[in-house]
Amino acid sequence: MTEQPSLAADAARFDVVILGGGSAGCVLAARLSEEASRSVLLVEAGQDLRPGEMPADIASPYPGRAYFNTDWTWPGLRVGMGKDPSNTGDATIRPYEQARILGGGSSINGIGANRGSPHDYAEWAAEGATGWGWADVLPYFRKLEHDLELGAETDLHGQDGPLPIQRVPRARHTPFARQVEAELGRQGHASREDQNGRWEDGVFPITVNLDREGRRTSTATVYLTTSVRARPNLTLWTGTEAERVLFQGRRAVGARLRRDGRVIDVAAGLVIVSNGALHSPALLLRSGVGPGRALQQLGIPVVAAREGVGRNLLEHPSIGVSAFIRPDTRLPGGEHYHIQSILRWSSGLEGTPPGDMHLAVNTRSGWHAVGHRIATLFNWVNKSYSQGSVTLASPDPGVRPAVDFRMLSDERDLVRLAQAFRLAAGVLRAPAMAGVVLEAFPSTYSAQVKKLLQPSWQNGVLTALAGPVMDRVPMVRSRILAMAQEGNAPLDVLCQDEEALRLHLRRHVGGVWHPCGTCRLGAADDPMAVCDPDGRVIGVEGLMVCDASVMPTIPCANLNVPVIMIAEKMADGVRAAGRAAAGGPVAGATAA
Ligand SMILES: Cc1cc2nc3c(=O)[nH]c(=O)nc-3n(C[C@H](O)[C@H](O)[C@H](O)COP(=O)(O)OP(=O)(O)OC[C@H]3O[C@@H](n4cnc5c(N)ncnc54)[C@H](O)[C@@H]3O)c2cc1C
């Protein structure tokens, strides 16, 4: 086994080095550099994203081009999803998008902005994340946002934070979205107004982080504003990859980076790992923090044996049911946000919390001319229990981690996803929907579909030719849909045959790009916890993790806003600890 590498003697020194400039990393950099006496380095592998200079596909309120643009995601990342056919065989391997650009997920994601339920955070506290109950996190949800509609209206909303939040008003909903809401109403689901209000079931206009001009907001632009970037104590290195954390004994003393093809070391008083839920555990493992035996097998010197690193990988298992819809019910051409409402509902399965299920009403299903003609009811299990893992395939930082979600390995997830599928299919096949739906079908992000969703002129031309023909000739339409959804059983069969549906779900289950849980918070004496409730890695000093990987359980939410909340709260913790070390007042929470 090789020795732990040591820090280069000429390494530049910073008080805090943040590895990963994603949703969390940018927030940390902005908040921690507010105190001029603290020098901060933010390291990001991807390219910069400057305020006022967003590429059109990122700024657009329609996010479907941003998340499939390979310039802004990690190349070569493939993951195991479900298992086919019995949950014991090999995993279905699929490409999986994770951001590689300043702002991380917030720069390319689907722009949905919600928080999860009070139950989620009570669960975190019960799992040993003391100080993360609903009353503890709500001030930070308020601090991070500027709710453009309800800022001062209730004590649930904020009006002074960097992230603008608004709802897609019903007045702008398409005929398809309106008909879906009407049908859900007939089936007993109430219409509600505020997805981030009191936790209750119903159909809500979706809440999004778009600014007043209808542009995406990323933590790279609303936290790292031009004036924040001008701070002399903040250094920003994009195009720079973190290879490992460097230790002296059990104290983290810096990081080894690859920048412009060269390896350089930086020294740090505190290292914060914010590489996201797949790359943060990989970085800890490469650095010698993780399951001892696995590290030894890879020849990595063990700094601290933490069994939980890379375990407890969580995601929201998803499945779509789509419809080729009539021309006059589609989203108008141009740049518009496409998910107009969401249904929150409760499965009622024993032991599951209220509002454990989510259905997004997507009024288009791709950036191109065929996607524009297809609407999707996109279902996911919002409180899921299946656990997967992230392990290292190699100690080489250039090799992607091995990721196996083991989706639906917990029977409760399978049962509820089947319930969700039937609900969505029931809506699209309801008699009242005949005026909007031309053809309903089970949909998946198959390899074929993902290939077509990559922004390119070839895909643009191909779909521009196919779309109008699909409108006019039903037989051609059905053939093209069947080809793209290769291997799916027809909707009729899936609705009638429980076994066929289960097989379909195991084969085609997807996620929502919400990986989390792989460096989870917990009590210091919990052998599977990776970080203590302050985010400090247990068993070493001078090292924190701050991103989606610290979540003990998955919240009933899209994860961007919860991640920003985590970063706001941990930044406050670091600042309070700094004041305490300097002999100042400890009580330092700045969230109002
Ligand atoms: C396609 C997509 C759609 C999504 N849709 C939504 C949505 O609609 N609403 C929502 O709330 N959430 C959504 N999410 C999820 C949400 O965006 C993420 O949960 C959130 O951004 C995670 O934040 P993070 O800080 O944990 O990680 P990230 O934001 O992924 O940040 C990690 C950063 O670290 C960098 N990095 C990784 N390894 C290294 C390294 N070795 N060296 C240097 N830098 C490194 C990465 O390049 C990245 O920028 C979506 C995510 C994706 C990918």
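Residues numbered from 1 in each chain as written. Predicted model: local features only at pLDDT ≥ 70, side-chain atom pairs only at ≥ 80, totals over all residues. Heavy atoms only, no water.

A. A look at the sheet that holds strand β20 (residues 402-404). One open sheet accounts for four strands, arranged β4-β3-β20-β19; its pairing is mixed. Among the strands making up the open sheet, the edge pair consists of β4 (91-95) and β19 (389-391). The mean inter-strand angle of the sheet, taken between neighbouring strand axes irrespective of direction, is 25°. In the packing of helix α9 (residues 276-286) onto the sheet, contacts are made with β19 and β20, and the angle to β19 comes to roughly 40°. Each of β3 (78-83) and β4 is contacted by helix α16 (residues 498-508), which is oriented at about 45° to β4, the strand it contacts most. (Pairing = 2+ DSSP bridges. Helix = DSSP H or I, 4+ residues; strand = E, 2+ residues; numbered from the N terminus. Axes fitted to C-alpha atoms, helices over the stretch in contact; angles between N-to-C directions. Contact = heavy atoms within 4.5 Å.)

B. Broad picture of the pattern of salt bridges. By the definition in use, this model includes 39 salt bridges. Across the pair E35 and R579 runs a salt bridge, and its minimum N-O distance is 3.3 Å. A residue pair is termed long-range when its members are at least 10 positions apart, and E35 in the loop between α1 (23-32) and β2 (40-43) and R579 in helix α17 (residues 560-581) qualify at 544 residues. One salt-bridge network, held together by shared partners, links R31, E34, E35, R38, K143, E568, R575 and R579. (Salt bridge = Lys/Arg side-chain N within 4 Å of Asp/Glu carboxyl O.)

C. Representation of the environment of T207 in the model. Along the chain, T207 falls in strand β8 (residues 207-208). Contacts of T207, omitting those with residues within four sequence positions, involve I111, G112, A113, I165, Q166, R167, Q195 and N196.

D. Quick peek at the site of the ligand. Near the ligand there are 35 residues, and of these S23, E44, G105, G112 and N560 occur at the shortest range. A distance of 3.4 Å separates an oxygen atom of the ligand from a polar backbone atom of L559. When the ligand is considered free in solution it has 1000 Å² of accessible area, and contact with the protein chains removes 96% of it. Listed by contribution, the elements that provide at least two residues to the shell around the ligand are α1, α3 (105-108), β10 (240-248), α9 and α17. Among the elements that line the shell around the ligand, the one with the most residues is β10, at three residues. Residue classes in the shell around the ligand are distributed as 12 nonpolar, 18 polar and five charged. (Near = heavy atom within 4 Å. Polar contact = N/O pair within 3.5 Å; in protein donor to acceptor, adjacent residues only side chain to side chain. Areas by Shrake-Rupley, 256 points an atom, 1.4 Å probe, with all protein chains shown as cover. Nonpolar A, V, L, I, M, F, W, Y, C, P; charged D, E, K, R; others polar.)

E. Spatial organisation of the domain arrangement of the protein chain. Each assigned domain of the protein chain is listed with its residue range as follows: domain 1 (1-82 + 94-166 + 216-315 + 388-401 + 515-592) and domain 2 (169-205 + 318-383 + 409-508). Using C-alpha coordinates to define each centre, domain 1 is positioned 32 Å away from domain 2. Listed per partner, the contact involves 36 residues of domain 1 and 29 residues of domain 2. Overall, the association of domain 1 and domain 2 removes approximately 2500 Å² of surface from exposure, summing both partners, and the carbon and sulfur fraction of that is 54%. Looking only at domain 1, the three residues that lose the most surface to domain 2 are Y62, F68 and C556, adding up to 28% of its buried area. Applying the counting rule to domain 1 against domain 2 returns three salt bridges. As a salt-bridge pair, R65 and E335 come within 2.6 Å of each other at their nearest N and O atoms. (Domains from an automatic or database assignment. Buried area = accessible area lost by both parts, 1.4 Å probe.)

F. Representation of the nonpolar core within the structure. One finds L19, L543 and M565 to be the most contacted residues of the largest nonpolar core, which totals 99 residues. Among the elements that make up this core, the one with the highest residue count is α17 (nine residues). If you count residues domain by domain, this core takes at least three from each of domain 1 (1-82 + 94-166 + 216-315 + 388-401 + 515-592) and domain 2 (169-205 + 318-383 + 409-508). Excluding residues within four positions of it along the chain, L19 makes contact with V43, A242, V245, A255, L257, V271, I272, V273, S274, N275 and L283. (Core = buried A, V, L, I, M, F, W, Y, C linked by side-chain atoms within 4.5 Å. Buried < 20%, exposed > 50% of the residue type's maximum accessible area, 1.4 Å probe, protein only.)

G. Examining the packing of aromatic side chains more closely. In the structure shown here, the tally under the stated rule is 11 aromatic pairs. Both rings, one in W124 and one in W132, keep their centres 6.1 Å apart while their planes meet at 55°; by these two values the pair is tilted. For the pair W124 and W132, a shared accessibility class is recorded, and that class is buried. Among the aromatic residues, those joined into a cluster by ring pairs are Y121, W124, W132, W134 and F141. Its end group placed over the ring of Y385, R412 keeps NZ or CZ at 3.8 Å from the ring centre. The side chain of K569 reaches across the aromatic face of W132, ending 4.5 Å from its centre. (Phe/Tyr/Trp six-rings, centres within 6.5 Å; stacked < 30°, edge-to-face > 60°. Lys NZ or Arg CZ within 6 Å of the ring centre and 35° of its normal.)

H. Just the packing of helix α11 (residues 411-428) against α16, in detail. It is the contact of α11 with α16, at a shortest axis distance of 10 Å, that shows an interaxial angle of 110°. It follows that α11 is roughly perpendicular to α16 by the angle criterion. Between α11 and α16, the residues in contact are E411, L414, V415, L417, A418, F421 and R422 and E498, L501, R502, H504, L505 and R506, respectively. (Parallel < 35°, antiparallel > 145°, perpendicular 65-115°, else oblique.)

I. Structural detail: the UniProt feature "domain: Glucose-methanol-choline oxidoreductase N-terminal" (unreviewed entry) in the protein chain. Feature annotation in UniProt assigns "domain: Glucose-methanol-choline oxidoreductase N-terminal" (unreviewed entry) to the following positions: residues 99-122 and 276-290. Overall, residues 99-122 shows 38% helix and 0% strand. The separation of its end C-alpha atoms is 29 Å. Taken as a whole, residues 276-290 contains 73% helix and 13% strand, while its terminal C-alpha atoms sit 16 Å from one another. (UniProt positions renumbered as here; feature names shortened; annotations may be inferred.)

J. View of α17. Along its 22 residues, α17 runs 31 Å from first to last C-alpha, staying within 8% of the 32 Å computed at 1.5 Å per residue. Where burial is concerned, most of α17 is hidden: 16 out of the 22 residues are buried. (Expected span 1.5 Å × (residues − 1).)

K. Expanded view of the environment of V399. With respect to the helices, strands and loops of the structure, V399 is situated in the loop between β19 and β20. V399 has contacts with A393 and S394, leaving out every residue within four places of it along the chain.

L. Highlighting the pairing of strand β21 (residues 437-443). Within β21, five of the seven residues are buried, leaving the element largely enclosed by the surrounding structure. Pairing of strand β15 (residues 318-325) with β21, which is carried by six bridges, proceeds in the antiparallel orientation. Paired with A323 across the bridge in β21 is A440.

M. Representation of the sheet that holds β15 in the model. Read from one edge to the other, the open sheet built from six strands follows the order β7-β16-β17-β18-β15-β21, with strand pairing classed as antiparallel. Pairing within the sheet leaves two strands with one partner each, and these edge strands are β7 (202-205) and β21. Across the sheet, the mean angle separating the axes of adjacent strands is 20° when strand polarity is ignored. Here strand β17 (residues 357-362) pairs with strand β18 (residues 374-381) via six bridges, running antiparallel.

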